[in-house]
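Remarks on the overall topology
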Amino acid sequence: MMKKKNILIIIPVALVALIAVYAGIMLSGRGITATELDAQFVQVVENNGCLQCHAADPEPFWYQKLPGFTGLFEKDMTNGYRSIDLEKVISQINSGETVNIADVAKLEQATLNNDMPVIQYTVVHWGSDLNSKEQQIVYDWVREKRSAHVNAFAAKYNMTMNDAFVAEPVMPLPDPTKINVNNEKAMLGLDMYHDTRLSIDSTVSCASCHALDSAGQDNSRFARGVGSQFGGISAPSVYNAVFNVQQFWNGRAPDLQGQAGGPPANPIEMGYENWDDIVAYLRTQPDLVARFEAIYGTEGITQNTVTDAIAEFERLLVTPNSPFDKYLLGDKTALTSEEVQGYELFKKNYCATCHVGASMGGQSFEKLGTVLDAAVYYEERGTEQNGDDQGLFGFTGIEEDRYKFKVPNLRNVAKTAPYMHDGTHVTLEDAVRTMFRFNTPTAEPSDDTVNKIVLFLNTLNGENEYMNYKNVPTNVDMLRK
């Protein structure tokens, strides 16, 4: 009888002791032995089991084959890896590489929302939530990485930044007049951008699909090339494209110059088979020969000089001074209360984890469908997939890149309908609801949430001297021989 009484006493005492130990660990920061912030962050990720869902090939839990546990974590593990590859982040930290600013924003928002790890994981792995010390380590790490990004951006584009920008996933755009540009090359590039002689039949110029007075695109689902041919993807805006980490939806061009070289040698877009033929024809044009030799010397007209001039011009296509820029720079009257609420909802609902930086996009390639598979998107679209629907996979051939697309920048987004890579969404409201459904934990946002986010998106319309530049093709030669 005495033994039973002792057992009855020992059990609750043991439970209290276990709870006390657990509470102590949670309050003190479990296993944080490192002194450097990067190493502390890595310990937080590893100690809390984050790599079980955010790695390419995580090691299964030993109990996952037990009755009741089969399939419990598979979906979360799949969605987790689609959202962010923390194994890659740790590798970047260990090798001294720069961590992508979008990944930094994702980690910040997940910590702020306190929704990681998911409930299924915490029920089985009691105590896996981040404690206050671990949360502070993440916040400090985010601030350090973002500060480095902001300072580097400010130095590159001659901007004055302050600590307020480090607290936000986005930042104001620079003044294009302060960007270091060779003006002679840029003005030549402006003319070449509108010169139809870059197309096989002198009917199409760069501006045909990226009209400067139409927010840098054509407001069509698919762009029209030579011979009234249509491609299979929507033409993105050329404004603020200078800030993209890579160009095209699938990232096949590393920079603006690489992008400028693509369409002229595309049989559907501008019709030439190769740049040798383009250069040979342009060299028969005395006006062009003289201008290129005046700027590029004996190199004259080459693929390199033509694309260099166009890229130099496109570096000027930056659109600052939007109401949102003014708000970020300290004018709190620049936005209405509902627009500010829209911005807060934009951040809380993970929109600002991909649409980051000054251009609010273009910094990473993200999966179409992290919580709902992309197959559903294409099934509901009702037309067969084509090569342009494969995203980054079409360029890299790596399976995990399938359906990853370069995140479009949101500057002037209210003027750049239709939306999505396939131009299937006519309104911003439609696009916002689709992104909620396929890429956020909230499948069905309220009308109020959608309306306020759209109000906020309308505050991103900026200014540029070329926004009223009419698309008047120059040097049209319809009698080419």
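Every value quoted in this text rests on a predicted model; they were computed, and no experiment measured them. (Residues numbered from 1 in each chain as written. Predicted model: local features only at pLDDT ≥ 70, side-chain atom pairs only at ≥ 80, totals over all residues. Heavy atoms only, no water.)

**Examining helix H2 (residues 37-47)**
- Among the residues of H2, those classed as buried are Leu 37, Gln 40, Phe 41, Val 42, Gln 43, Val 44 and Val 45.
- For H2, the elements touching its buried residues are helix H4 (86-95), helix H5 (101-113) and helix H7 (132-156).
- Positive backbone phi, approximately 70°, marks Gly 49, located one or two places after H2. (Buried < 20%, exposed > 50% of the residue type's maximum accessible area, 1.4 Å probe, protein only. Helix = DSSP H or I, 4+ residues; strand = E, 2+ residues; numbered from the N terminus. Contact = heavy atoms within 4.5 Å.)

**Some remarks on the pattern of salt bridges**
- Counted by the stated rule, this structure contains 21 salt bridges.
- Two residues, Arg 197 and Asp 287, come together in a salt bridge whose shortest N-O distance is 3.1 Å. With Arg 197 in the loop between helix H9 (183-193) and helix H10 (206-209) and Asp 287 in helix H13 (residues 286-296), this residue pair connects regions lying 90 residues apart in the sequence.
- The class of Asp 287 is partly exposed, set by a relative accessible area of 34%.
- Here Glu 312 and Arg 315 are joined by a salt bridge, their closest N and O atoms 3.8 Å apart. (Salt bridge = Lys/Arg side-chain N within 4 Å of Asp/Glu carboxyl O.)

**Considering unusual backbone geometry**
- In the segment running from Ala 417 into Pro 418, the intervening peptide bond is cis, with an omega of 0°.
- Within the secondary structure, Pro 418 sits in the loop between strand S2 (404-406) and helix H19 (428-439).
- A positive phi angle, close to 65°, is found at Asn 240, a residue other than glycine.
- A positive phi angle, near 70°, is found at Tyr 350, a position not held by glycine.
- Positionally, Tyr 350 belongs in the loop between helix H16 (337-348) and strand S1 (365-367).

**So, the packing of aromatic side chains**
- By the definition in use, this model includes 17 aromatic pairs.
- Ring centres of Phe 41 and Trp 141 lie 3.9 Å apart, and the angle between their planes is 5°; on these two criteria the pair is classed as stacked. Here Trp 141 lies in helix H7 and Phe 41 lies in helix H2, a separation of 100 residues in the sequence. Taken as a pair, Phe 41 and Trp 141 share a single burial class, namely buried.
- Between Phe 324 and Phe 456, the aromatic rings sit 5.0 Å apart at their centres with planes inclined by 85°, giving edge-to-face as the arrangement. Here the residue Phe 324 occupies a position in helix H15 (residues 323-328), and Phe 456 occupies one in helix H20 (residues 447-457), the gap between them amounting to 132 residues. (Phe/Tyr/Trp six-rings, centres within 6.5 Å; stacked < 30°, edge-to-face > 60°.)

**As for the environment of Phe 436**
- You can see Phe 436 is positioned in helix H19.
- On the accessibility criterion, Phe 436 (1% relative accessible area) is buried.
- Considering only alpha carbons, one finds Phe 436 and Val 371, 65 residues apart in sequence, at a separation of 9.5 Å.
- Setting aside anything within four residues of it in sequence, one finds Phe 436 in contact with Asn 349, Thr 442, Ala 443, Pro 445, Thr 449 and Ile 453.

**Side note on the side chain of Thr 370**
- Following the sequence through the fold, Thr 370 ends up in the loop between S1 and helix H17 (374-381).
- Here Thr 370 is in contact with Asn 79, Arg 82, Ser 83, Phe 438 and Asn 439, once residues within four sequence places are set aside.

**Here we look at the packing of H17 against H19**
- Close contact between H17 and H19 brings their axes to 10 Å; oriented N to C, the two are set at 140°. Taken together, the axes of H17 and H19 lie oblique to each other. Classified by chirality, the crossing of H19 by H17 is right-handed. From H17, Val 376, Tyr 377 and Glu 380 reach across to H19, where they touch Thr 434, Arg 437 and Phe 438.
- Of the residues that constitute the contact of H17 with H19, the class distribution is three nonpolar, one polar and two charged. (Axes fitted to C-alpha atoms, helices over the stretch in contact; angles between N-to-C directions. Parallel < 35°, antiparallel > 145°, perpendicular 65-115°, else oblique. Left-handed = near helix turned anticlockwise from the far one by under 90°. Nonpolar A, V, L, I, M, F, W, Y, C, P; charged D, E, K, R; others polar.)

**Notes on the nonpolar core**
- Of all hydrophobic cores here, the largest spans 76 residues; its most connected members are Leu 198, Phe 324, Phe 346 and Leu 457.
- Apart from the residues lying within four places of it in its own chain, the contact partners of Phe 346 are Cys 351, Ala 352, His 355, Met 360, Leu 410, Ile 453, Phe 456 and Leu 457.
- Counting residues in hydrophobic clusters, the runner-up holds 23 residues, among them Ile 32, Ile 90, Leu 107 and Val 142. (Core = buried A, V, L, I, M, F, W, Y, C linked by side-chain atoms within 4.5 Å.)

**Some thoughts on H9**
- Those residues of H9 not exposed but buried are Ala 186, Leu 188, Gly 189, Leu 190, Met 192 and Tyr 193.
- Where the residues of H9 are buried, they touch H10, helix H12 (275-282), H13 and helix H14 (303-314).
- Residue Asn 182 occupies the N-cap position of H9, its side-chain oxygen lying 3.1 Å from the main-chain nitrogen of Glu 184. (Polar contact = N/O pair within 3.5 Å; in protein donor to acceptor, adjacent residues only side chain to side chain.)

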